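Coordinate inspection notes
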Amino acid sequence: MNHEKIHADLVDYGNKLFLNSAGASLMPRSVTEKITEYLHREERLGGYTVAEQQAEELAQFYEQAAHLIGCEKHNITFAHSASSAFMQALSSIPLSAKDVIITSEVDYTSNFLQFLSLHKKRGVVFKIIKSLPNGDLDLDHFRQLIDQYPVKLVAVTHIPTNSGMVQDVATIGEICAAENLIFLLDSCQSIGQMDVKLKNIKCDFLTATGRKFLRGPRGTGFLYVSDRILDQGYAPLLLDGGNATWTGNDTYELVDTAERFGNWEKPYAMLTGLTEALKYLNEIGIQQIEKQNKKIMHRLRNNLSSISSVTCYDLGTQTSNILTFRKKDKTPGDIKTVFSKHQVYYGISQKHQGQIDFNKKGVDWVVRLSPHYFNTEEEMDRMAEIIEEV
Ligand SMILES: Cc1ncc(COP(=O)(O)O)c(C=O)c1O
């Protein structure tokens, strides 16, 4: 990994300590260059002409995303966010009263809101896989739920927004494949920070956002749709002209590719930005990135474990590049005062972002630090000193 180049590609980094890639990361310089170049072309020629002229470059988005997760181009579509990708996927499952969705305790807020809304409007039921005392998914309980209920969908988040644990979605995927169940994977926080490959995690839908560990622009993301979903004719509840062709007064034909789940209208400048972010990441190599991420996280977790007044809240056998903690008797305000002084960029996760998890942990907020491969071990040492100062 060429650390010098990676640092040179950060714009005006200075002395800050940027540890909020789980929120919205720093885009490499070339990402914003691509976006602004594209917008300037649109300014001069109009959006349709530019899209025609740049068709080949725009098509690279599909290649880069497919390369990252190990699928074909036709399985990828652009999404405005991970949540909108999730909604498109969810809306394609014919769900009626008493049908069951299985999810996990730490699934994302918007996913839970969608399940709750389906419950309220259509009587759809959702069941939650229990967690073991160490935080891991209780896979026996998962199997029991499958045996017990008319399950129509399994939807599980890989890494939650509010804690650093990694859920065993590979085993969930294996079980779903064996039971012929549709599996919707929320990989919003895992994509870009670790190697997420479909050959290791079998799923039917995978949702991703651009702005976090992929280091792309806001308002971007993507959705993977498996061939079996496409071949079986699944489609979002409501369609637009990019999803299907209006073939006669009363007829339409679905498109063959994952575009069936996308939007005809796209923010093309942002899409070129996301493409550049994916290219940048693919060129470094996701395995290299994961290796560096493990190294800096090991250092940070070790450093914090030696501060007795700090409690970390990340459960599970496997942890990620999200670290959540609190310091005894300190408020978010105390943290902010010291962190601002040292230019630390961080997040605070709150109870409304994970009701079940926070209730179990008995807290209503945690500090969230999310370093990425452009951070250094030296920064992890500096961060520990800053936390001691709080
Ligand atoms: C685990 C997880 N899933 C989904 C989302 C939603 O992503 P987006 O804001 O792009 O819709 C987030 C955002 O924080 C997240 O952390």
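Please refer to the structure placed before this passage.
Basis of the calculations
- Residues numbered from 1 in each chain as written.
- Predicted model: local features only at pLDDT ≥ 70, side-chain atom pairs only at ≥ 80, totals over all residues.
- Heavy atoms only, no water.
- Near = heavy atom within 4 Å.
- Polar contact = N/O pair within 3.5 Å; in protein donor to acceptor, adjacent residues only side chain to side chain.
- Areas by Shrake-Rupley, 256 points an atom, 1.4 Å probe, with all protein chains shown as cover.
- Nonpolar A, V, L, I, M, F, W, Y, C, P; charged D, E, K, R; others polar.
- Patch = residues over 30% accessible without salt bridge, like charges linked within 9 Å, V, L, I, M, F, W, Y side chains within 5 Å.
- Salt bridge = Lys/Arg side-chain N within 4 Å of Asp/Glu carboxyl O.
- Lys, Arg positive; Asp, Glu negative; His and termini not counted.
- Charge placed at Lys NZ, Arg CZ, Asp CG, Glu CD.
- Helix = DSSP H or I, 4+ residues; strand = E, 2+ residues; numbered from the N terminus.
- Buried < 20%, exposed > 50% of the residue type's maximum accessible area, 1.4 Å probe, protein only.
- Pairing = 2+ DSSP bridges.
- Core = buried A, V, L, I, M, F, W, Y, C linked by side-chain atoms within 4.5 Å.
- Axes fitted to C-alpha atoms, helices over the stretch in contact; angles between N-to-C directions.
- Contact = heavy atoms within 4.5 Å.
- Phe/Tyr/Trp six-rings, centres within 6.5 Å; stacked < 30°, edge-to-face > 60°.

The next point concerns the site of the ligand. Near the ligand you find 13 residues, and of these Ser83, Asp186, Gln189, Thr209 and Arg211 are the closest. Contact between the ligand and Asp186: a nitrogen atom at 2.6 Å from a side-chain N or O atom of the residue. At a separation of 2.8 Å, an oxygen atom of the ligand approaches a polar side-chain atom of Arg211. Protein contact buries 92% of the 390 Å² of open area that the ligand shows by itself. Residue classes in the shell around the ligand are distributed as four nonpolar, six polar and three charged.

Looking now at a negative patch on the surface. A grouping of Glu72, Asp227, Asp231, Glu253 and Asp256 is seen on the molecular surface, where their side chains present a negatively charged patch. Examined against the element boundaries, Asp227 turns out to sit in helix H9 (residues 227-231).

Next up on the list: the pattern of salt bridges. Considering all chains together, one arrives at 18 salt bridges under this definition. Its salt-bridge partner being Lys341, residue Glu389 comes within 2.5 Å of it at the nearest N-O pair. One end of the pair, Glu389, is in helix H14 (residues 377-389); the other, Lys341, is in helix H12 (residues 332-341), and 48 residues separate them in sequence. Under the relative-accessibility criterion, Lys341 is labelled exposed at 58%. By sharing partners, the salt bridges in this structure join Arg299, Glu377 and Asp381 into a single network.

Most of strand E12 (residues 323-327) is tucked away: four of the five residues are buried. Taken together, the three bridges between strand E11 (residues 310-312) and E12 define a ladder with antiparallel strand orientation. The residue bridging Val310 from the neighbouring strand is Lys327, located in E12. Summarising the sheet, E12 and strand E15 (residues 365-369) pair through three bridges and their orientation is antiparallel. Paired with Thr324 across the strands is Arg368, a residue of E15.

If you look at the biggest cluster of nonpolar residues, it comprises 65 residues, and the most contacted ones within it are Ile76, Val154, Ile172, Phe183, Leu206 and Phe222. Here this core gets eight residues from one element, more than from any other, and that element is helix H10 (residues 268-284).

What follows concerns the sheet that holds E11. Pairing between sheet strands relies on hydrogen bonds along the backbone, with the strands arranged either parallel or antiparallel. Spatial strand order, E11-E12-E15-E14: four strands in an open sheet with antiparallel pairing. Every interior strand has two partners, whereas the edge strands, E11 and strand E14 (347-350), have only one. The sheet shows a mean angle of 40° between the axes of neighbouring strands, direction not considered. Along the sheet, H12 contacts E12, E14 and E15; its crossing angle with E15, the most-contacted strand, is approximately 25°.

Here we take up the packing of aromatic side chains. Enumeration over the complete set of coordinates arrives at 12 aromatic pairs. Seen in terms of ring centroids, Phe18 and Phe374 are 6.4 Å apart; in terms of plane orientation they differ by 45°. Their pairing is tilted. Of the two residues, Phe18 sits in strand E1 (residues 17-18) while Phe374 sits in the loop between E15 and H14, which places them 356 residues apart along the sequence. There is no split in this pair, since Phe18 and Phe374 are both buried. Consider the rings of Phe339 and Tyr346, whose centres lie 4.8 Å apart with planes at 85°: the pair is edge-to-face.

Its place among the elements puts Lys266 in the loop between strand E10 (251-254) and H10. Owing to a relative accessible area of 8%, Lys266 belongs among the buried residues under this scheme. Within the local environment of Lys266, its side chain forms a polar contact with the backbone oxygen of Asn263, the two atoms lying 2.8 Å apart. In contact with Lys266, not counting residues within four places along its chain, are Tyr62, Phe78, Glu259 and Leu271.

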